[in-house]
Amino acid sequence: MPTGCQTLRGEYRLPVNQSYAPNGSKANPPLGPSPQAQAGASNGRAYICLQGVSKSYLEGEQRRTVLDQVSVEFYQGEFVAVIGKSGSGKTTLLNLISGIDHLDAGSIILDGQRVEEENEYQRTIFRRQKIGFIFQFFNLIPTLTVWENVILPLELNQLLNEASIDWAHRLLGEVGLGERLKTFPDRLSGGEQQRVAIARALVHNPVLVLADEPTGNLDEDTGRAILDMLDRLTRRAGKNMILVTHSSEAASYADRVLYLHEGRLVEQPK
Ligand SMILES: Nc1ncnc2c1ncn2[C@@H]1O[C@H](COP(=O)(O)OP(=O)(O)O)[C@@H](O)[C@H]1O
Ligand SMILES: [Mg+2]
């Protein structure tokens, strides 16, 4: 059985069958691993634990709660989809996990590190090394070619060497853009740009791939092709992935689907 997250300092976290809510309420209990995770895609080790995570924003004079004591664990090798309506807090959740945004209460442990304890510099390094991002609007750098966009994470992490360059070439071949290395993003279709973004997200071998509505800006067929590719490449590389989306079709690719509604995450039967 999973044992919850452990930090690098060896501190033990609560087991999954206990409530993390500070008041002991079981209203939003931590969510467990999928059958796939238990059956072997995962070794049952949680690599992300959120415990009682709350986040609100000020809207004028009013405070709007986006996440309300969310407790959830993500297991090694899992592809988890978080589905929710626009404005439900999906991007906020990813921003908290990746340390882009700061939580109000609770704790997030990612791969042994307690995200909220790191300073901005440490968070930047941590994000750069451990996370690969895929966004709705691709977020490629327009002044860089396909090749330069893809190897950017290698450069930033000082990982450029013969083996990593070879891997970048292979990845670009896998996404069908091996012949477009010198092309600039504005010459590519949306689907092609997203394929570059997939290669860029995987090139530095991150622990975690975060995909924020990656098909939200693509037509249905292209979106499906992108999801097929993303699913295939992340599974083959044994990657952990969290995909947030409002699309139930996109979510259907995942091993486990969580539903984000009114600040709470609940398991959604597949
Ligand atoms: N930096 C911010 N400042 C104020 N409100 C924000 C900020 N980021 C997000 N919000 C609000 O939080 C809610 C959730 O936003 P978001 O996480 O972007 O939702 P989703 O990605 O599910 O569409 C929205 O009501 C949004 O307006
Ligand atoms: Mg969003």
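Caption draft 1: Up close: the site of ligand 1. By nearness alone, every residue bordering ligand 1 is listed as Tyr 57, Val 66, Gly 84, Ser 86, Gly 87, Ser 88, Gly 89, Lys 90, Thr 91 and Thr 92. Residue classes in the shell around ligand 1 are distributed as two nonpolar, seven polar and one charged.

Caption draft 2: Here's a closer look at the environment of Ser 54. You can see Ser 54 is positioned in strand S1 (residues 46-59). Measuring from C-alpha to C-alpha, the distance between Ser 54 and Ala 105 comes to 5.2 Å, with 51 residues separating the pair along the chain. Leave out the neighbours within four places in its chain, and Ser 54 touches Leu 67, Asp 68, Gln 69, Leu 103, Asp 104, Ala 105 and Gly 106.

Caption draft 3: Looking closely at the environment of Gly 176. By secondary structure assignment, the location of Gly 176 is in the loop between helix H5 (162-174) and helix H6 (190-202). Remark: the alpha-carbon pair of Gly 176 and Glu 192, spanning 16 residues in sequence, is separated by 8.5 Å.

Caption draft 4: Seen up close, H5. Here H5 spans 18 Å end to end across 13 residues, near enough to the 18 Å set by a 1.5 Å rise per residue. The set of residues buried in H5 consists of Ala 168, Leu 171 and Leu 172. Buried positions in H5, seen along its axis, are confined to an arc of 95 degrees and lie on one side of it. The exposed set on the far side of H5, more than 90 degrees from its buried face, consists of Glu 162, Ala 163, Asp 166 and Gly 173. Looking at the buried positions of H5, the neighbouring elements they touch are helix H4 (146-156) and H6. Immediately beyond the C-terminal end of H5, within one or two residues, lies Gly 176, with a positive phi of roughly 80 degrees.

Caption draft 5: Structural detail: the sheet that holds strand S9 (residues 256-261). Taken in spatial order, the six strands of this open sheet run S6-S7-S8-S3-S9-S10, and their pairing is mixed. For this open sheet the edge positions go to strand S6 (131-135) and strand S10 (264-268), each flanked by a neighbour on one side alone. Averaged over all pairs of adjacent strands, the angle between their axes in this sheet comes to 20 degrees, without regard to strand direction. Its contacts with the sheet put H6 on S6 and strand S7 (208-212), and the angle it makes with S6 is roughly 165 degrees.

Caption draft 6: Quick peek at the sheet that holds strand S2 (residues 62-75). Spatially, the four strands line up as an open sheet ordered S2-S1-S4-S5, and their pairing is antiparallel. In the strand order of this sheet, the two ends are held by S2 and strand S5 (113-114), each with one partner. Judged from the two bridges that link them, strand S4 (residues 105-110) and S5 form a sheet pairing that is antiparallel. Across the sheet, residue Ile 109 finds its bridge partner in S5, namely Arg 114. Set on the sheet, helix H2 (residues 90-97) makes contact with S1, S2 and S4; between it and S1 the angle comes to about 125 degrees.

Caption draft 7: A look at the packing of H4 against H6. One can describe the packing of H4 onto H6 by two numbers: an axis separation of 7 Å at closest approach and a directional angle of 30 degrees. Comparing their axes, H6 and H4 come out roughly parallel. You can see that H4 and H6 cross each other, and the crossing is right-handed. Note on element contacts: H6 touches H4 through Val 196, Ala 199 and Arg 200, opposite Val 146, Asn 149, Val 150, Leu 152 and Pro 153.

Caption draft 8: Geometry of the packing of H6 against helix H7 (residues 220-236). Across the interface, H6 lies against H7 with an axial gap of 10 Å and an inter-helix angle of 15 degrees. Put simply, H6 runs roughly parallel to H7. When you trace H6 past H7, the crossing you get is right-handed. The segment H6 lies against H7, with Gly 190, Gly 191, Gln 194, Arg 195, Ile 198 and Leu 202 engaging Thr 222, Ala 225, Ile 226, Met 229, Leu 230 and Leu 233. In terms of residue class, the contact of H6 with H7 is built from seven nonpolar, four polar and one charged.

Caption draft 9: How the structure looks around H7. Over its 17 residues, H7 extends 24 Å from the first C-alpha to the last, a length consistent with the 24 Å expected when each residue adds 1.5 Å. For H7, every residue scored as buried is listed here: Gly 223, Ile 226, Leu 227, Leu 230, Leu 233 and Thr 234. Axial view of H7: buried residues confined to an arc of 145 degrees, hence all on one face. Exposed positions of H7 whose direction lies more than 90 degrees from the buried face are Asp 221, Asp 228, Arg 232 and Arg 236. The inward-facing, buried residues of H7 abut strand S3 (79-83), H5, H6, S7, strand S8 (240-245) and helix H8 (248-251). Just downstream of H7, Gly 238 is the residue with a positive phi angle, here 65 degrees.

Conventions adopted
Residues numbered from 1 in each chain as written. Chains lettered and ligands numbered in written order. Predicted model: local features only at pLDDT ≥ 70, side-chain atom pairs only at ≥ 80, totals over all residues. Near = placed C-beta within 6 Å. Nonpolar A, V, L, I, M, F, W, Y, C, P; charged D, E, K, R; others polar. Helix = DSSP H or I, 4+ residues; strand = E, 2+ residues; numbered from the N terminus. Contact = placed C-beta atoms within 7 Å. Expected span 1.5 Å × (residues − 1). Buried ≥ 20, exposed ≤ 12 C-beta atoms within 10 Å, placed from the backbone. Arc of directions from axis to C-beta. Pairing = 2+ DSSP bridges. Axes fitted to C-alpha atoms, helices over the stretch in contact; angles between N-to-C directions. Parallel < 35°, antiparallel > 145°, perpendicular 65-115°, else oblique. Left-handed = near helix turned anticlockwise from the far one by under 90°.

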